[in-house]
Amino acid sequence: MADHLAALVAGYGRPEDVIRLASLPRPELQPGMVEIAVERAAINPSDLIPITGAYSNRTVLPFIPGFEGVGIVSRVGADVTDFKLGDRVLPLGASGLWQATLQRPSEWCFAVPADLSTEQAATAYVNPMTTLRLIAALKDHLGSSSGLSGLRIGITAAGSAIGRMLLLMLSAAGAEVTAIVRSEATAARLPALPGLQTRLTGQQPIGKDMMFDAMVDAVGGVTGGALLQNNLSAGGVFLQYGALSGIPIAQSALAARPDVRFAFLWLRTFVHSAGRQALSDALAECFDGVRDGTFASEIAATYPLSRLSDALAHHHAPDRLGKVLIDPRC
Ligand SMILES: NC(=O)c1ccc[n+]([C@@H]2O[C@H](COP(=O)([O-])OP(=O)(O)OC[C@H]3O[C@@H](n4cnc5c(N)ncnc54)[C@H](OP(=O)(O)O)[C@@H]3O)[C@@H](O)[C@H]2O)c1
């Protein structure tokens, strides 16, 4: 069987420095497994964090990055009855999408509806499902299973893919939403939603006159700490799901607000505990959101895997608009 191209991480560091492209053998297919010929994989910030060694306690070297992508079933192992050659699937639950062929247990593969394009399918999982989990967590924490109408909710990194999805979902739910971004250029690109307020972060913290019932934060560091300390009402919730600043929220900020509930949300906790039916139901919601535009991701560009360094440079470019995808077949 011919070797295939893969991105390989053998040591931690800056992704640009430590990922190398390798031609790897395609292993024998074990019973219960399917082989997937990957058509498109996404580059998400959450793919890059494990490469830096941030989760070294639960990462085994060497590994192949990429938590999100779509492909076609190219081989079917013994005992697999739910998939056949040619089926289009999303493999969930492990990294490895940044390679031409991937093997996964069939129970971790999910069929992709025929009406979704390859690009839509390749961005239909990580960010949409994280958004759904964040909305569910907000409802849990705020004790408002009936809805989020009228609640004041701040969203940091609001120009990110998840930020935009949150803005759309929370506005539709009737929340009073404030988009918190770091530049005028990003503010200008936010969706035009009725009542949406915008605040810029910068040298000065946001004034204490602006208070929230909940903050959904992907930035952490000084920005997240100041918002936690200064801008949450007593009894409010600070829901963190990322640290784009690369810095955790200071303990002093957490200690200063014992009256606020602080929680960190991990998509992987849900994915690895929900069970197949719940994951299937969640994916169905994600696909619906892609169809109606709520979970649509703009695509900045698609690069062959052989040009991964260009793809990573584009991902990091300050003027990037949308997701960078990889085509692992070339
Ligand atoms: N907890 C989980 O399970 C989970 C799951 C998925 C994703 N995430 C996290 O969610 C976050 C967003 O992911 P995404 O895929 O939506 O991102 P994305 O679409 O790639 O957008 C990221 C954007 O955030 C902004 N940004 C970057 N650094 C920033 C900083 N220091 N301060 C403020 N804004 C900054 C930039 O936009 P501008 O240049 O326009 O400001 C950047 O384009 C990431 O932190 C990711 O790791 C977490």
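See the structure shown above.
Residues numbered from 1 in each chain as written. Predicted model: local features only at pLDDT ≥ 70, side-chain atom pairs only at ≥ 80, totals over all residues. Heavy atoms only, no water.

A. Quick peek at the site of the ligand. Around the ligand lies a shell of 24 residues, among which Arg182, Thr186, Tyr241, Leu267 and Lys323 are the nearest. Take Thr186: an N or O atom from its side chain is 2.5 Å from an oxygen atom of the ligand. With respect to the ligand, the backbone of Leu265 contributes an N or O atom lying 2.8 Å from a nitrogen atom. Look at the ligand: alone it shows 940 Å² of surface, and the protein chains cover 86% of it. Looking at the shell around the ligand, the elements that each hand over two or more residues are helix 2 (45-48), helix 4 (126-142), helix 5 (161-172) and helix 6 (184-189). Top element by residues in the shell around the ligand is helix 4. It accounts for three residues. Here the shell around the ligand is built from residues that sort into twelve nonpolar, eight polar and four charged. Structurally, the shell around the ligand is a two-domain feature, drawing no fewer than three residues from each of domain 1 (4-123 + 297-327) and domain 2 (127-267). (Near = heavy atom within 4 Å. Polar contact = N/O pair within 3.5 Å; in protein donor to acceptor, adjacent residues only side chain to side chain. Areas by Shrake-Rupley, 256 points an atom, 1.4 Å probe, with all protein chains shown as cover. Helix = DSSP H or I, 4+ residues; strand = E, 2+ residues; numbered from the N terminus. Nonpolar A, V, L, I, M, F, W, Y, C, P; charged D, E, K, R; others polar. Domains from an automatic or database assignment.)

B. Focus on the state of the cysteines. Going through the model one piece at a time under the given rule, you end up with zero disulfides. Just so you know, Cys109 is unpaired, no disulfide at all, and the nearest cysteine sulfur is the one on Cys286, 16 Å from it. What makes Cys109 buried here is its relative accessible area of 0%. (Disulfide = S-S within 2.5 Å. Buried < 20%, exposed > 50% of the residue type's maximum accessible area, 1.4 Å probe, protein only.)

C. Inspection of the packing of helix 4 against helix 5 at higher detail. Packing of helix 4 against helix 5 leaves a shortest axis separation of 9 Å and a crossing angle of 50 degrees. One way to sum up the angle between helix 4 and helix 5 is to call them oblique. Considering only the axes of helix 4 and helix 5, their crossing is right-handed. Packed against helix 4, whose contacting residues are Asn127, Pro128, Thr130, Thr131, Leu132, Leu134, Ile135 and Leu138, the element helix 5 presents Ala161, Ile162, Met165, Leu166, Met169 and Leu170 at the interface. Of the residues belonging to the contact of helix 4 with helix 5, the class tally is eleven nonpolar, three polar and no charged. (Axes fitted to C-alpha atoms, helices over the stretch in contact; angles between N-to-C directions. Parallel < 35°, antiparallel > 145°, perpendicular 65-115°, else oblique. Left-handed = near helix turned anticlockwise from the far one by under 90°. Contact = heavy atoms within 4.5 Å.)

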